[in-house]
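# Survey of secondary and tertiary structure
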Amino acid sequence: MSRQEEENAAELKFGDEFLKAKCLMNCEVSLILERKWEQLRHMSEDPLNQFSQVFEKSLQYVKCFSRYKNPDAVRQVREILSRYQLTEFELCVLGNLCPETVEEAIAMVPSMKVNSESSHYVVGFFCIVFKIMYGWVTISSTS
């Protein structure tokens, strides 16, 4: 991206340093930071001295805004979202914000509207998956 060209997340225009970067959802960052916290806590006699204020605040933030706490649920969300032709940014925004409707998802990730008509189907599917994972909707079996 040239220096004159402005970054714009809605159009998926990011700086060159982000072209090959892997985005992480808040829940993934939370798992990583919690694991690191546990490692440092076990290695130190005084674990409180091992953590910077930035580390602690970052951990608090991602724990607060993580939609999924269970490592299996985190893996499932990424697996489901990875099946579709989403950029890392789109995948993480959807995974973090868990839109309830197609319209809400496209408002959050305008680039999805541009990609294709099938994006409505895909986003609708994601909305249903999020509702099921959150328990907002239950699947009943009829026998």
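Residue numbers restart at each chain and count upward from 1, following the sequence in its written direction. In keeping with the model being predicted, local features are shown solely for residues with a pLDDT of at least 70 and side-chain atom pairs are shown and tallied solely at 80 or more, while totals for entire chains, interfaces and linings include all residues. Side-chain calculation: all heavy atoms of the structure are included, whereas hydrogens and water are not.

## Here we look at the overall build of the chain
Numbering goes from the N terminus for both helices and strands, where a helix is a DSSP run of H or I of at least four residues and a strand is a run of E of at least two. Helix and strand counts for the chain stand at seven helices and zero strands. When its helices and strands are written in sequence order, the chain yields α-α-α-α-α-α-α. When a residue's accessible area, from a 1.4 Å probe over protein chains only, is under 20% of the maximum for its type it is buried; when over 50% it is exposed; and in between it is partly exposed. When burial is assessed residue by residue, the chain has 32% of its 143 residues classed as buried. In what follows, a contact means two residues having at least one pair of non-hydrogen atoms within 4.5 Å. Across the chain, the fraction of contacts at a sequence separation of at least 24, relative to all contacts at a separation of at least 6, is 59%.

## A closer look at the nonpolar core
Throughout this description, the term nonpolar core refers to a set of buried Ala, Val, Leu, Ile, Met, Phe, Trp, Tyr and Cys residues connected via side-chain atoms within 4.5 Å. Among the nonpolar cores identified, the biggest contains 17 residues, and Tyr68 and Leu94 are the most heavily contacted of them. Of all the secondary-structure elements, those providing two or more residues to this core are helix H1 (26-43), helix H3 (71-82) and helix H4 (88-97). Counting residues in hydrophobic clusters, the runner-up holds six residues, among them Leu33, Leu40, Phe55 and Leu59.

## Some remarks on the side chain of Asn96
Examined against the element boundaries, Asn96 turns out to sit in helix H4. You can call Asn96 buried: its relative accessible area is 16%. Whenever two N or O atoms come within 3.5 Å, that pair is a polar contact, provided that in protein one can donate a hydrogen and the other can accept it, and provided that, for residues adjacent in sequence, both atoms are side-chain atoms. From its side chain, Asn96 meets the backbone nitrogen of Asn26 in a polar contact 2.7 Å long.

## Side note on the packing of H3 against H4
The contact between H3 and H4 brings their axes to 10 Å, and the two run at 135 degrees. When the axis of H3 is compared with that of H4, the two are oblique. Considering only the axes of H3 and H4, their crossing is right-handed. Contact residues: Val77, Arg78, Leu81 and Ser82 in H3; Glu88, Leu91, Cys92 and Gly95 in H4. Considering only residue class, the contact of H3 with H4 consists of four nonpolar, two polar and two charged. All axes here are fitted lines through C-alpha atoms, helices being fitted over the stretch that makes contact, and every angle between N-to-C directions spans 0 to 180 degrees. Angle categories are assigned with fixed cut-offs, so that under 35 degrees is roughly parallel, over 145 is roughly antiparallel, 65 to 115 is roughly perpendicular, and the rest are oblique. By the definition used in this description, the sense in which the near helix is turned from the far one sets the handedness, with an anticlockwise turn below a right angle giving left-handed and a clockwise turn giving right-handed. Side-chain classes follow a simple rule in which Ala, Val, Leu, Ile, Met, Phe, Trp, Tyr, Cys and Pro form the nonpolar group, Asp, Glu, Lys and Arg form the charged group, and the remainder, Gly included, forms the polar group.

## Regarding H4
Of all ten residues that make up H4, seven are buried, and the element is covered over most of its length. Backbone geometry just downstream of H4 places Cys98 in the positive-phi region, at approximately 45 degrees.

## Overview of the pattern of salt bridges
Whenever Lys or Arg places a side-chain nitrogen within 4 Å of a carboxyl oxygen from Asp or Glu, that contact is recorded as a salt bridge. Counting across every chain of the model gives six salt bridges. Each of Lys22, Glu28, Arg78 and Glu88 takes part in one network of salt bridges that share partners.

## What about the confidence of the model for the chain?
Here the chain shows a mean pLDDT of 78. Residues at 70 or above account for 72%. Ranking the helices and strands of the chain by mean pLDDT puts helix H2 (residues 53-65) first, with 93, and helix H7 (residues 118-134) last, with 64. Residue-level confidence of the predictor, termed pLDDT, takes values from 0 up to 100. Confidence over residues 137-143 falls short of pLDDT 50; this stretch has three contacts with residues more than four positions distant or in other chains.

## Comments concerning H3
Its twelve residues place the ends of H3 16 Å apart at the C-alpha level, agreeing with the 16 Å of an ideal helix rising 1.5 Å per residue. What H3 keeps buried is the set Ala73, Val74, Val77, Arg78, Ile80 and Leu81. The arc that holds every buried residue of H3, seen down its axis, measures 165 degrees, which confines them to one face. If you check the start of H3, you find a side-chain oxygen 2.6 Å away from the backbone N of Asp72, and it comes from Asn70. To estimate how far a helix should reach, multiply one less than its number of residues by 1.5 Å. Note that the arc is defined by the directions from the helix axis to the C-beta atoms.

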